[in-house]
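Chain and residue survey
For reference, the chains in residue letters:
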Amino acid sequence: MEEWFDAKLQKNEMIEPKDWMPDNYRKHLIRQISQHAHSEIIGMLPEGNWITRAPSLRAKIVLMAKVQDEGGHGLYLYTAAETLGTSREEVLDALHTGKAKYSSIFNYPTLTWADIGMVGWLVDGAAIMNQVMLQRTSYGPYSRAMVRICKEESFHQRQGYESVCHLAFGTPEQKAMAQDALNRWWWPTLMMFGPTDDKSPNSAQAIKWKIKRESNDQLRQRFVNQTVSQAEYLGLTIPDPDLKWNEERQAYDFGTPNWDEFAAVVAGNGPCNKERLAARVKAHNEGEWVRAAATAYALKKNEVMSAA
Amino acid sequence: MNKQEALFSYTLRLADNGLILSQRLAAWTGHGPFLEEDLALTNIALDILGQAKSLLEYAGQVEGKGRSEDDLAFLRGEREFYNTQLVEQPNGDYAKTIARQYFVDVFDFHFYTALANSKDETLAGIAAKSIKEITYHVRHSGSWMLRFGGGTEESKQRLQDAVNDLWRYTGEQFEMNEVDALLIKEGIAVDMTAVKAAWDKQVINILNEASITTPLVAVMQTGSRQGKHTEHLGYILAEMQYLPRVIPGAKW
Ligand SMILES: [Fe+2]
Ligand SMILES: [Fe+2]
Ligand SMILES: [Fe+2]
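What comes next concerns the included structure.

Cut-off values and rules
- Residues numbered from 1 in each chain as written.
- Chains lettered and ligands numbered in written order.
- Predicted model: local features only at pLDDT ≥ 70, side-chain atom pairs only at ≥ 80, totals over all residues.
- Heavy atoms only, no water.
- Helix = DSSP H or I, 4+ residues; strand = E, 2+ residues; numbered from the N terminus.
- Buried < 20%, exposed > 50% of the residue type's maximum accessible area, 1.4 Å probe, protein only.
- Lys, Arg positive; Asp, Glu negative; His and termini not counted.
- Salt bridge = Lys/Arg side-chain N within 4 Å of Asp/Glu carboxyl O.
- Contact = heavy atoms within 4.5 Å.
- Donors = N, O, S within 2.8 Å, 3.2 Å for Na, K, Ca; no water.
- Tetrahedral: all angles 85-135°; square planar, octahedral: opposite > 155°, others 65-115°.
- Buried area = accessible area lost by both parts, 1.4 Å probe.
- Polar contact = N/O pair within 3.5 Å; in protein donor to acceptor, adjacent residues only side chain to side chain.
- Axes fitted to C-alpha atoms, helices over the stretch in contact; angles between N-to-C directions.
- Parallel < 35°, antiparallel > 145°, perpendicular 65-115°, else oblique.
- Left-handed = near helix turned anticlockwise from the far one by under 90°.
- Nonpolar A, V, L, I, M, F, W, Y, C, P; charged D, E, K, R; others polar.
- Phe/Tyr/Trp six-rings, centres within 6.5 Å; stacked < 30°, edge-to-face > 60°.
- Lys NZ or Arg CZ within 6 Å of the ring centre and 35° of its normal.
- 1 Å grid on protein atoms, 1.4 Å probe; cavity = no way out; pocket = protein on both sides within 12 Å on 5 of 7 lines; lining within 4 Å.
- Points joined across faces, edges and corners; volume = space filled by probe spheres on them.
- Expected span 1.5 Å × (residues − 1).
- Bend = angle between axes of the 7 residues up to and from the residue.
- Patch = residues over 30% accessible without salt bridge, like charges linked within 9 Å, V, L, I, M, F, W, Y side chains within 5 Å.
- Areas by Shrake-Rupley, 256 points an atom, 1.4 Å probe, with all protein chains shown as cover.
- Core = buried A, V, L, I, M, F, W, Y, C linked by side-chain atoms within 4.5 Å.

Residues and elements named next belong to chain B. Counting through the fold element by element, D105 comes out in helix α4 (residues 94-115). No salt bridge forms around the buried D105; measuring N to O, its nearest opposite-charge neighbour R100 is 9.3 Å away. Contacts of D105, omitting those with residues within four sequence positions, involve I134, H137, V138 and S141.

Before going further, it helps to spend a moment on the coordination of the iron ion (ligand 1). Residue and element names in this part refer to chain A. Looking at the iron ion (ligand 1), the protein donor atoms are E40 (OE), E70 (OE), H73 (ND1) and E153 (OE), and they sit 2.0 to 2.1 Å from it. For the iron ion (ligand 1), the four donor atoms in the first shell make angles of 85 to 144 degrees at the metal, so the coordination geometry reads as irregular. In primary-sequence terms, the residues that donate to the iron ion (ligand 1) follow E-x29-E-x2-H-x79-E. Between the iron ion (ligand 1) and the iron ion (ligand 2) the interatomic distance comes to 3.1 Å. With E70 and H73 both in helix α3 (residues 57-82) and three residues apart, the pair spans about one turn of that helix. The burial state of E70 is the same as that of H73; both residues are buried.

Across the contact, 44 residues belong to chain A and 48 residues belong to chain B. Buried area between chain A and chain B, summed over both chains or domains, comes out near 3900 Å², and the portion from carbon and sulfur atoms is 72%. At the boundary of chain A and chain B, one finds one salt bridge. The partner of A:R88 in a salt bridge is B:E36, and the shortest N-O contact between them spans 2.5 Å. Summed over the shared surface of chain A and chain B, the number is 12 residue pairs in polar contact (both at pLDDT 80 or more).

Running from N to C, α3(A) and helix α2 (residues 35-63) of chain B cross one another at 160 degrees; their axes reach a closest spacing of 10 Å. As judged from the angle between their axes, α3(A) and α2(B) are roughly antiparallel. Two packed elements cross with a definite hand, and for α3(A) against α2(B) that hand is left-handed. The segment α3(A) lies against α2(B), with A:L57, A:R58, A:K60, A:I61, A:M64, A:A65, A:Q68, A:G71, A:G72, A:G74, A:L75 and A:Y78 engaging B:L35, B:E36, B:L39, B:T42, B:N43, B:A45, B:L46, B:L49, B:G50, B:K53 and B:L56. When grouped by side-chain class, the residues that make up the contact of α3(A) with α2(B) number 12 nonpolar, seven polar and four charged.

We now examine the packing of aromatic side chains. Tallied over the entire structure, the rule returns 25 aromatic pairs over all chains. A connected cluster of aromatic rings, assembled from ring pairs, spans B:Y10, B:F103, B:F107, B:F111, B:Y112, B:W167, B:F174 and B:W199. Over the aromatic face of A:W50 sits the side chain of A:R53, whose NZ or CZ is 3.7 Å from the ring centroid. Cation over ring: B:K196 sits above B:F174, and NZ or CZ is 5.7 Å from the ring centre.

Take empty space enclosed by the protein next. Residues and elements named next belong to chain A. Counted by the stated rule, this structure contains three cavities of 30 Å³ or more. What the largest cavity holds in volume is close to 210 Å³. Around the largest cavity, the lining comprises 17 residues; the ones closest to its centre are A59, V62, Q159, G160 and S163. Elements supplying a minimum of two residues to the lining of the largest cavity: α3, α5 (114-134) and α6 (140-168). Counting residues per element, the lining of the largest cavity draws most heavily on α6, at six residues. Looking at the lining of the largest cavity residue by residue, the class counts come to six nonpolar, seven polar and four charged.

This part takes up the layout of surface pockets. Residue and element names in this part refer to chain A. Taken as a whole, the largest pocket encloses approximately 1200 Å³ of empty space. Going through the elements one at a time, α2 (23-48), α3, α5, α6, α7 (172-191), α8 (201-208), α9 (216-234) and α10 (259-269) are the ones with two or more residues in the lining of the largest pocket. Partitioned by chemical class, the residues of the lining of the largest pocket number 22 nonpolar, 15 polar and 10 charged.

Residue and element names in this part refer to chain B. For the pair α4 and helix α6 (residues 153-166), the least separation of the axes is 8 Å and the interaxial angle reads 50 degrees. Judged by the inter-axis angle, α4 sits oblique to α6. For α4 against α6, the interelement crossing comes out right-handed. Here α4 contributes A95, K96, A99, R100 and F103 to the contact with α6, which in turn contributes R158, L159, A162, V163, D165 and L166. Partitioned by chemical class, the residues of the contact of α4 with α6 number seven nonpolar, no polar and four charged.

Quick look at the environment of B:L46 now. Within the fold, B:L46 resides in helix α2. Sequence-distant contacts of B:L46, defined by excluding residues within four places in its chain, comprise A:I61, A:M64, A:A65 and A:Q68.

Residues and elements named next belong to chain A. Relative to the 30 Å expected for 21 residues at 1.5 Å per residue, α5 spans 29 Å between its end C-alpha atoms, a close match to the ideal helical length. If you look at α5, its biggest bend is around 25 degrees, right at G120. Counting buried residues in α5 gives 19 out of 21 residues, a clear majority hidden from the surface.

On to a nonpolar patch on the surface. Residues and elements named next belong to chain A. Together, M1, W4 and W20 make up an exposed nonpolar region whose accessible area comes to about 340 Å². With respect to the helices, strands and loops of the structure, W20 is situated in the loop between α1 (2-10) and α2. W20 gets classed as partly exposed once you look at its relative accessible area, which sits at 31%.

Counting residues in each nonpolar core, the largest one holds 165 residues, and the members touching the most others are A:W113, B:Y10, B:F111 and B:F148. Here this core gets 14 residues from one element, more than from any other, and that element is α2(B). Leave out the neighbours within four places in its chain, and B:F148 touches A:W289, A:V290, A:A293, B:Y94, B:A95, B:I98, B:S155, B:K156 and B:L159.

A few words on the pattern of salt bridges. This structure, assessed with the given rule, holds 24 salt bridges over all chains. Among the ionic pairs, B:R158 bridges to B:D93, the shortest N-O distance being 2.9 Å. Of this pair, B:R158 sits in helix α6 while B:D93 sits in the loop between α3 (69-74) and α4, and the two are 65 residues apart along the sequence. Looking at B:R158, the relative accessible area reads 25%, which means it is partly exposed. Here B:D93 falls in the partly exposed class, since its relative accessible area comes to 24%. Here the salt bridges share partners, and the residues they tie into one network are A:E47, A:K66, A:E70 and A:D124.

Now the structure itself:
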């Protein structure tokens, strides 16, 4: 069995739900896919925070549609996780009790309207780096979910960049707002790619299983290379004194993120960890009677149907 | 009042209903009772906001003073808004959100079905385009009315409380004033008498089916046709409008 599985991976063929797979592969995937789903759902909160204050009707519509898309991504991913033999209740329970992780980036606050553009441009941009790679991930349902998700994510990034453009080329107050947001989001975004390769043990195994196809550092470098010229065009300064073009490597050198801060946020001590989780738990608990009513009603309807 | 002023006022009234209701609904995004329902309600909010945006754009054209839909949404004060007091009522629990929505959806269905025959081509066009969306909205909120009424003791009680709370705001939807009189003569506006009859029939039917007692309210609240609102509207506008007012003239 193990040989059959390895051969399939060798040939770059997809593993499907009914196929035999090693226990650890299954466990790794359940963890990764459900974390990814939770990130989409928690990600609705910092952005949803600005829907009622969006400064134009168009901006409000774009933001609502975006946050709704993220919810949709969560839904595809929960469904993909279910094909591995886990239930929605199980994975939600793991989130609500703090056992499951989600992307740390969403534990930072969205303080001004400029943060909404910045999240689209940088955070969705960084997520795309990861997700484009995951379209070729070895597990079929995950791969197919990522293909759908990627299309929408690149749309989000374009809209985010467009929103930052309005600010960067707008009034002096708007431009200052954009620079301030870039200063706050730059380093947390770089940390989204995860620890450096020498400190990322899970990552090597994931590459072997072809769940991941590029390392954290490779993805991070690609993101920096792509983003610098966009910032230059906007006339915004990336808050890194060590950032400079390296002719030999044909890539940008850049500074080291504050990994202590990363560890603190991952451990639950970021600025909004408590608020994000509390908001999800509150919504879930307050939704309890609604779900119970729907279930009770469906049951009664069925009884009436079968009695008739 | 001439025809143009009446048409401006009429269009604004319809636009404000959608703008304020979608602002309320949007506060649920990311906080719904479960994921599928969160997505469904956001969808409805988006439909309603889209309708409001088209109507505000048209109101600006009718007025002819160069005000854009954003100027009208973000730079008017609380006495210049003409939405019903019903749509500005707080979300409360999900039963209250659904009851408010159902009352509006049934109104919108009958109102916009009639408005699709308006002699004003733009209003008729917006109405015709909205009917498909509104048909889905009524099905959505109506199915929750039945689930809450026929679900658990708790859900039934919550729905009954919501209906009791909101009933006194439902009458305003059908009020007519000199704007309506003038525009009905022109074949532009909808006669609310027929809309009210259809609304009463449909809503009382579903309340009966959901085993909810229809409240007996002697006095319906009124005032929005004159821009008089409940205390809630000021807070809604403060939140919605603050940024364009902090940086005047900025493009977003
Ligand atoms: Fe997403
Ligand atoms: Fe995302
Ligand atoms: Fe996204």
